[in-house]
Every structure is written in C-alpha cells, then in structure tokens.
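Here are the chains, one letter per residue:
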Amino acid sequence: MKPRYFSRQLLYGLFSIVLMVVSLGGLTAYGEEAPEARESSAAEGADQPSAETQPKVPVIEAPQESETPEPLPIDVPSESETGIREEIQSLRQSLTQRREALSQLIERKSYADSRLEVLNKEYESLGARLETAGLGLTESYAKLLQRRLDRLEQQHLADDLSVIVNEQLEAARVEQFRLEEIGAVLPSGDDVDRRLTDERERLLTDLKEAVAEHIDLLTGYFDTITALQDRIAAYKVLVRQRLFWLPSEEPFSAETFGELIGSIGWLMSASQWLGILKDVPASVEERLPSIMFLLVALVVLLAYRKRIRQRLISTGESVGNVSVDRIGLTLSALTDSLLLALPPVIILVLAALMLDRGGEFADGLAKGLRSAALLYLLLGAVRQIALPGGVAEVHFHWQPGTLAAIRRGIPRLLLLLLPVTLITRLTENPVGADYESSLGRVVFAIASLALAMFAYRLFRALRNGKAELERSRFYQLVQVAAVVTPLFFTGISLVGYHYTAVQLEGILFISICWLVLVALLHFVGLRALSVRERRIRLLRLREQRATEQREADDRNATEPSGDARPSSLDLPEVDLHDINTQSTTLLRVASFALALVGLWLLWSPVVPALRIFDEIILWTVGEGDAALAITFGDLILSLLVAVATILAARNLPGTLEVMVLSRMQLAPGTGYAITTIATYLIVILGVVFALGALGAQWSKLQWLVAALGVGLGFGLQEIVANFVSGIILLFERPIRVGDTVTIGGVTGTVSRIRIRATTLVDWDHKEQIIPNKTFVTQDLTNWTLSDSITRVIVTVGVAYGTDIDEVQDLLTELVHQNERVVEDPAPAVFCTGLADSSINFEMRVFVKSMAEIMPLGHELRSAVTRKLHEAGIEIPFPQRDIHIRSAAALGPVASAQGRDPAAEL
C-alpha cells in the first residue's frame, strides 16, 4: 500500500470518527432550546446533570429485577408421589412470588394513576385559565410559567421503565403459555395419593389465575405510564407555547445597566474560575479515553494540515479536464475543507470535556463550549470552502465578490459569536439565571447586530456587478428581511420578550444552516451533472463520428442500387441540451422541496399560524370511528404531490440519461424503454399518493376497475394490445431503429419505435405506419438483428457442350475478385440443373448488408457476360420448336367444325 494512499484513508477515517465523537459529546445547535428539540430531549430524560446540580429524580422508578417472578421450574409433571410433593412445593413458592409481584405492581399502578390524575387536572386547569386570559399576561405570570416548566423538566419517567414493563409482560405471557401446557398433560396419578394430585391441580389453577391477573395489571400499568409520559410532554408543549408569546423579562431600563455591572463582576470573579481549575483533574480522569483520542486526532490533523491543503488545491487542477474530471474530486475537496476546520472544534470540545464534571458555573461553561464548537464547525467549514483555491471558487465557480465577503465576514463574526455563545449558555444555566435579563440581553443584542452587519455585506457583494439583481424587487425584499430580522429580534428582546427572541433567532440560525447545507448539496448536484454532461458530450462526439463514417459507407453502397434509405433515424435519445435542462430543473425542484420541508419542520412547532391548515376540515371520508377528516393541509399536500409528479415525469429522461443510463452499455432502445417505464411508474405512484392524501380508498373502487375492464374488452382492446406490444418491443428488442425488416410483405428500415406503432421506410421512401401488435403476433424477418450479412444467388446458363469444370472455375474466379463479396461465409459456385436450352449454374455469395445486393448482382452479371464472351462460351437463347401446318390441309377439318382456317393462321 502506498504511503500517500494510507495517509488519505487514515485522515478520512479519523474525520468520520471525530465527527461521531463530537456529536456524541453533546454538541448542540445555537438554537438548541427550540421547543421541538427541548421537548424530545426532556421527554426522554436525556439531560445529564453536573456533579453539584440538583439531579433529575424520575417520577416513577423502574421496577427492580426482584419484582419479576422466576418461571416455574417444571417442564413435565411427575407421576411419582415424591415428584408430586416437590412440584407442590415449587408451585406454592411460585404462587407466593407471583402474589408479591402483584402486590407491588398494584402499588405502582395506583401511584401512577394518581400522578396521571393530578397531572391531567393540572393540565386542564392551566389550559382553561390560559385560554381565558389570552395574551393579556404579564412578565410575572411568565416567570411563574417558567417555574412550572422547570418543575415539569424534573418530572420524567425512568429511561428503561417501558422496556422493563414490556419484558415483564412478555415473561408473564410465556409463563401463562407454559402453565397451560403443563395443565394439559397432567397425569391421572392413579397409583399415588389422590389428595396430592388434587392439591397440585388446585395450586396450578391458582397460579394460572395469578399470572392472568398479573398480565392484566401489567397491560394497564403500561397504558398508564404511556399516558403519563404523553401528558408530561403535552404539558410542557402547552407551557412553552404560551411562554413563547409572553414577556419573560422587564423592559430594558436604567436599572438594567446597574444589573449589567454586577453581572460583569460575577462573570470576572476570580473565585468562579479558580473553582473550575480545581475540578479539572477529576473531569480529565473520568473522560481520559475520550480526551486522549481527541488529542491524538488533533495532533494528526495539525501534522497533516499542510498536506490536506495541498491535496485540496490539487483536486482543483483537474476540474474542467474531461478525461480526468469526476465528481469524486469535489467530494474529496469538501471532506478536506471539513478536516481543515476541525482543529479549533476539537480544542473547544476538549475544553468542554475537561469542565464537564465541575460545579454549576463549569457546567454552564461546558455547555457554552459545546455550542461554540458546533458554531465554529459550521462557520469554519463555510470559510474553508470559500478560501482561494477552495471548493466554492474552483469547483462551484461562485462570484469573487461573494467569496471575498465570506472570507472577511466569517472571522469577524466568529470573533463576536464565540464569546457571546459562551455567555449566553452561562446565563441560561441556573447559576447565571439572575443575569439573563441584563448580561444575556446585551450579548444577544451584540450577536444580532453582528449577524445583521454580516448579512448586509454579503448581500451587497452578491448584488455588485449583477444588473438583474439590482432591479429585482424580490431580491431587495430578501436583503431587507435578512438585515432587519436580527434587529427586530433585538428590539423585542429589549422590550421584554427575550425568551421569544432567543428561540426565534436560534431557529432562524438553524434554518440558515439548513439552507446553506441544501445549497451545497445543490451545487454538488450541479457539478455532478456538469461532469457527466461533458463526459457524455465527448462520448457522443466520438459515436457521431463513427456513425457518420458508417452512414457514408452505406450511402456509397446504396446510391447505385436505386433503393431509398431513410435520411435520418429517430433514435430514442435525449438531446444534450434537453438533458441538461431537464436534469437542472429536477435538481432545482428537489433542492427547493428539501429546503421547504426542513423549514416547515423547524418553524411549524413554533408558529401556530403554520398549523392552521390542519384545522380547516373540508370533508370527511367514512363513517363512525373510522371517519377520516380531510383538511386544507391535505389538499395542499395533494396538489404539491401532483405538481412534483408532473415535474418529475417531464424531467426524468434527462436525469436518468445523465446519472444512470450513460454509465451503462445499453442500446438506444433499452434506454428508451427504461425511461418510458420509469415515467409511467412515477405517474401512477403520483396519482395514488395524491388521491390517497384526499382520502381515496382504493378498496372501495371495485366498480371503477370493473368499468375499466368492460371498456378494455369493448373499445380499448386494440389500443391496449398495441401499448403492451410496444413495451415488449422496447424490452425484448426483436427490432431496433435502423434494422431492415420484412413483415406482411413490406420490407423497409425501422426509423421510429413508438409506444403504439412503429414506422418503416421502404425502398420507395414511403413511410409505413405498422401497429406494434403486428410485430408481436405475425411472422417477422429481421435482416439485420444479430448479423447484417445476407446471401445473394446469381443464376447463369451456358450452352450444351460447354466444359462444366471450366465454367465453374471462371465463375469462382469472378466471385473472389469482387470486393463486395465477404470471405466468411465463403462463396460457392454449383451446377444446379440441365434445362431445356442451357446448363444452369448458381453463384452463391454473401454481402455485408442488404444495400449491396443490387450493386453486387449488377457487377457479377456484367463480369460473367464479359468473361464468358472472352472465353468463347455461349450463353444460349431459349430454344422452341414451331410446327406449321398448311391451310389446305386444315381446310376440311376446320370447315367441318365451323371455323375459318385463314383466321386461325
């Protein structure tokens, strides 16, 4: 293995592992406290407390292992008295254990039911009060709601509770089945004491009843804890939704400046930082394997940094060279850009791991470092992509002004956002909650101003040099929105809606990151299409030259024959311009759909207005409990599916040609068949999903299928037969475009194959439209299916008395001298008959194609005539004996028959 290859694989492997470790290390997005993210993490009880913070005690603990009764140690009942006594003892012990488990489970279920009842009442009461109050609530009430939310964060179920209950339920069901089997094979015990067998049977029955009761209680308990978990999650969603639209702080005032000074003193307190240093050794000892791994990865990345940069530059040298360019170069360059952005990220993660087991201050700082690490990974990767000689410049061809703005703006942005992220996470932690109103809002305002300035400079760079953007109203609106939105968040934070502003800006940041990722994927797709298009163009150029040469040879062979050949063949291929247009359109639609889906998932839990479509019911399908309500959102989804189906069906051929078919050695007919069938499948699936979104129940449409069957039987039989036959022709390929075929007495060249009919151009240059069913059901002769070589027979007659061997030698010599005659199969000359006037010979020769049959016949007959004349061999005329009778001799006979002899002569 080459060292360079080994180092490349090592770096790529380290990159994947480091990213996994970084993700598992607890990196969270800048807006990680978005409602949907916090809901899922809190509901699962996944938060890990620091050593000195209040741990989250589960509301309901998981059952202990001792609460699961052991299975009955009996497989086959005994027939001896001693064995029965032992089984009775085992049955009593199992029954005691089962009843103890039942008692414990009853207590657990009673406690869970009480917690669920209290939580339901509390939830309904709060919901009613909030609905009555509307939005007319103050920041004091918001703080109370925040406390309620903090309490709910502590109320979670044990992580393994559902798993253990399911295991207990499964074990009880297995035990119930075993007891039934044991009871079914109990021996009569005629030779032992009857009281023992009766006691065993009674205990077995009691144990069965206890197990059945245990199963019922476990099922109810599982339903209770599931309902409790769902209620906790819904309760937190209710509180967060109302908190989102309530002021969380007092408006920013002069008093806030005094608090700001105190918060700065708290932040710079030496005792805080000294306390952190004391806990670092314990954190390092606990996380030593992870820390050592990250240190090794950091050293390797720093040692190979120069080589990675050189490889990144070298990948751009092959871009544009059709013979060596490939999409793998772009993917490698993107990976190298991420590798170059990793070292600072690893350093931040290392610092977070070293502080992860400190006090509350260290815990908040560790969370801030994780957030800062992910922030640097995102922005640092974009900066590496935009560097000179990087992916954006060489592979994607972004505007120089835009790249310059990114290179200058991201370092400045990171310089502000990294400390802001640390401070924000500190103030969100309980240790800094008192300073969130002052210090938290100030740093939030600084971050928002930095984002607004960056957006302004970036859009200004995009606009420079592009007149269409200068005149575009839409672009101007987007630019204004990008600049004003962070400033708007700053304003609502200063007037008291700080919680709302933080959530919105956090989700906005995630949305921008998502759009950047979609944009990168879009440009990677465009790059892949560009590479394939240039590769296909080169291959098509070579194929075109070869085809032109073959056509020229065919024309030279056909022109003297007097037979017409089609001027052009309708090969089922997509033009390169159409390929590019279709592929780009489909990629643009896919990117837009992906971006839209991501934005919907991010913003719909936050903005209730986006869920209004699901509340507008248009109609219902079905009756009773099975009734399905069709909403306005379902209608929009159905329309989107329909539009996506149309776009996909229109642009599929080009995309398949670029991404799949061009990589395979397929005949044109096969590629056309694949694209046709794929288009039909897309249309069918699109119709099914679109109608399914509107509540169409296919099981109730038998009448439609029956009507369609009747229609096919009466009026559409021939059309469907030709349609199916066209599909068979495309896949089986008994004929291809350019083949010479004979069917139904018509001989011609196939010029077009369509889904209903095939077009032949005969030798008179007439187009014959033949239904596809004819090619499948009738006898077909394809002269050029697997081999275009065709036999030609030329007949020659010589006078009687001619030397047969001499004639055969002369004709054989003539055959071998003709250039149109192929050597394999070899030509032959035979004497085929003794006719009335001549001795007949046949010259059996083979030509390369049907176009040479007529020219070869002409050449052979001319040469034979000339050669036989030179050799003095006569080509005889047909000989006939004519007997003439005189009119005098015919007179009496003709007169007797009533005929005129003169007229007969």
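For the structure, see preceding data.
Residues numbered from 1 in each chain as written. Predicted model: local features only at pLDDT ≥ 70, side-chain atom pairs only at ≥ 80, totals over all residues. Heavy atoms only, no water.

Peer 1: Give a description of the overall build of the chain that names residues and reports values.
Peer 2: In terms of helices and strands, the chain carries 28 helices and ten strands. For the chain, buried positions account for 41% of its 905 residues. Summed over its atoms, the accessible surface of the chain is roughly 49100 Å², and 60% of this surface lies on carbon and sulfur atoms. (Helix = DSSP H or I, 4+ residues; strand = E, 2+ residues; numbered from the N terminus. Buried < 20%, exposed > 50% of the residue type's maximum accessible area, 1.4 Å probe, protein only. Areas by Shrake-Rupley, 256 points an atom, 1.4 Å probe, with all protein chains shown as cover.)

Peer 1: Report on the packing of helix α9 (residues 288–303) against helix α11 (residues 327–354), specifying residues and quantitative values.
Peer 2: Closest axis-to-axis distance for the α9/α11 pair is 10 Å, and the angle between their directions is 155°. One way to sum up the angle between α9 and α11 is to call them roughly antiparallel. Crossing of α9 against α11: the hand is left-handed. Together, Ser290, Ile291, Leu294, Leu295, Ala297, Leu298, Leu301 and Leu302 of α9 and Leu339, Leu342, Pro343, Ile346, Ile347, Val349, Leu350, Leu353 and Met354 of α11 make up the contact between the two elements. Residue composition of the contact of α9 with α11, by class: 16 nonpolar, one polar and no charged. (Axes fitted to C-alpha atoms, helices over the stretch in contact; angles between N-to-C directions. Parallel < 35°, antiparallel > 145°, perpendicular 65-115°, else oblique. Left-handed = near helix turned anticlockwise from the far one by under 90°. Contact = heavy atoms within 4.5 Å. Nonpolar A, V, L, I, M, F, W, Y, C, P; charged D, E, K, R; others polar.)

Peer 1: I'd like a description of the side chain of Arg820, backed by residues and values.
Peer 2: Of note, Arg820 is situated in the loop between α25 (804–817) and β9 (828–834). At 2.9 Å, the side chain of Arg820 and the side chain of Glu859 are in polar contact. (Polar contact = N/O pair within 3.5 Å; in protein donor to acceptor, adjacent residues only side chain to side chain.)

Peer 1: Go over the pairing of strand β5 (residues 757–762), please, and point to the residues and values.
Peer 2: Of all six residues that make up β5, six are buried, and the element is covered over most of its length. Of the two faces of β5, the one holding Ala757, Thr759 and Val761 and the one holding Thr758, Leu760 and Asp762 are both buried throughout. With five bridges joining them, strand β4 (residues 746–753) and β5 adopt antiparallel strand pairing. The residue of β5 that forms the bridge with Gly748 is Asp762. In textbook terms, the turn of a hairpin is the stretch between consecutive antiparallel strands, and for β5 and strand β6 (residues 767–771) this stretch comprises four residues, one of which, His765, has a positive phi near 65°. (Pairing = 2+ DSSP bridges.)

Peer 1: Pulling in residues and values, what's your account of the packing of α25 against helix α26 (residues 853–870)?
Peer 2: The geometry of α25 relative to α26 is characterised by a closest axis approach of 10 Å and an angle of 140° between their N-to-C directions. Viewed along their axes, α25 and α26 adopt a mutual orientation that is oblique. The way α25 lies across α26 gives a crossing that is right-handed. Where α25 abuts α26, its residues Leu810, Leu811, Glu813, Leu814 and Val815 lie against Leu860, Ala863, Val864, Lys867 and Leu868. Of the residues that constitute the contact of α25 with α26, the class distribution is eight nonpolar, no polar and two charged.

Peer 1: So, the pattern of salt bridges: which residues are in play, and what are the values?
Peer 2: For side chains bearing opposite charge, pairing can occur when the charged atoms are close. Under the counting rule described, the total for this entry stands at 13 salt bridges. The closest approach of N and O atoms between Arg200 and Glu87, which form a salt bridge, is 2.8 Å. Of this pair, Arg200 sits in helix α6 (residues 194–244) while Glu87 sits in helix α3 (residues 81–133), and the two are 113 residues apart along the sequence. One exposure class covers both Arg200 and Glu87, and it is buried. The partner of Arg202 in a salt bridge is Asp206, with the nearest N and O atoms 3.1 Å apart. (Salt bridge = Lys/Arg side-chain N within 4 Å of Asp/Glu carboxyl O.)

Peer 1: Before we move on, could you go through the packing of aromatic side chains and cite the residues and values that matter?
Peer 2: Using the criterion set out here, one finds seven aromatic pairs in the structure. Ring geometry for Phe396 and Trp398: centres 6.1 Å apart, planes at 35°, overall tilted. Relative accessible area serves as the criterion here: at 22%, Trp398 is assigned to the partly exposed category. Each residue in the set Trp266, Phe361 and Tyr435 is aromatic and connected to the rest through ring pairs, giving one cluster. Geometry around Tyr123 places Arg231 over its ring, the cationic atom sitting 4.3 Å from the centre. (Phe/Tyr/Trp six-rings, centres within 6.5 Å; stacked < 30°, edge-to-face > 60°. Lys NZ or Arg CZ within 6 Å of the ring centre and 35° of its normal.)

Peer 1: Any details on α11? Residues and values, ideally.
Peer 2: For an α-helix the count is 3.6 residues per turn, leaving residues at separations of three or four pointing the same way. Here α11 contains 28 residues, and its C-alpha end-to-end distance of 41 Å stays within 8% of the 40 Å for a straight helix at 1.5 Å per residue. Largest kink in α11: about 40°, centred on Leu342, with the proline Pro343 one to four residues after it. (Expected span 1.5 Å × (residues − 1). Bend = angle between axes of the 7 residues up to and from the residue.)

Peer 1: Got a sec to walk through unusual backbone geometry? Specific residues and values, please.
Peer 2: A cis amide bond links Asp824 to the next residue, Pro825, at an omega of 5°. Residue position: Pro825 is located in the loop between α25 and β9. Despite not being glycine, His397 has its phi angle at roughly 60°, a positive value. Relative to the elements of secondary structure, His397 occurs in the loop between α13 (391–395) and α14 (400–428). Using a relative accessible area of 60% as the deciding quantity, one classes His397 as exposed. Here the phi dihedral of His765 falls at roughly 65°; this positive angle occurs in a residue that is not glycine.

Peer 1: If you had to explain the environment of Val720 to someone new, which residues and values would you point to?
Peer 2: Counting through the fold element by element, Val720 comes out in helix α23 (residues 717–732). Expressed as a C-alpha distance, the spacing of Val720 and Arg756, which sit 36 residues apart in the sequence, is 8.7 Å.

Peer 1: Would you mind going over the sheet that holds β5 in detail, with residue names and values included?
Peer 2: Read from one edge of the open sheet, five strands run β6-β5-β4-β3-β7, paired in antiparallel fashion. Single-partner strands in this sheet number two, and they are β6 and β7 (781–782). Relative to β6, β5 runs antiparallel, the two sharing five bridges. Its bridge partner being in β6, Val761 is matched across the sheet by Glu767.

Peer 1: Let's hear about a nonpolar patch on the surface: which residues, and what values?
Peer 2: Taken together, the side chains of Val720, Phe723, Val724, Ile728 and Val776 make up a nonpolar region of the molecular surface, amounting to roughly 330 Å² of accessible area. By residue number, the principal contributor to the nonpolar patch is α23, which donates four residues. Tracing the backbone shows Val776 in helix α24 (residues 772–777). (Patch = residues over 30% accessible without salt bridge, like charges linked within 9 Å, V, L, I, M, F, W, Y side chains within 5 Å.)

Peer 1: So what's going on with helix α10 (residues 305–317)? Residues and values would help.
Peer 2: The terminal C-alpha atoms of α10 lie 19 Å apart, and with 13 residues this matches the ideal 18 Å at 1.5 Å per residue to within 8%. Residues Ile308, Arg311, Leu312, Thr315 and Gly316 constitute the buried set of α10. The buried residues of α10 all sit within an arc of 145° when viewed along its axis, so they share a single face. Exposed residues pointing more than 90 degrees away from the buried face of α10 are listed as Lys306, Arg307 and Glu317. (Arc of directions from axis to C-beta.)

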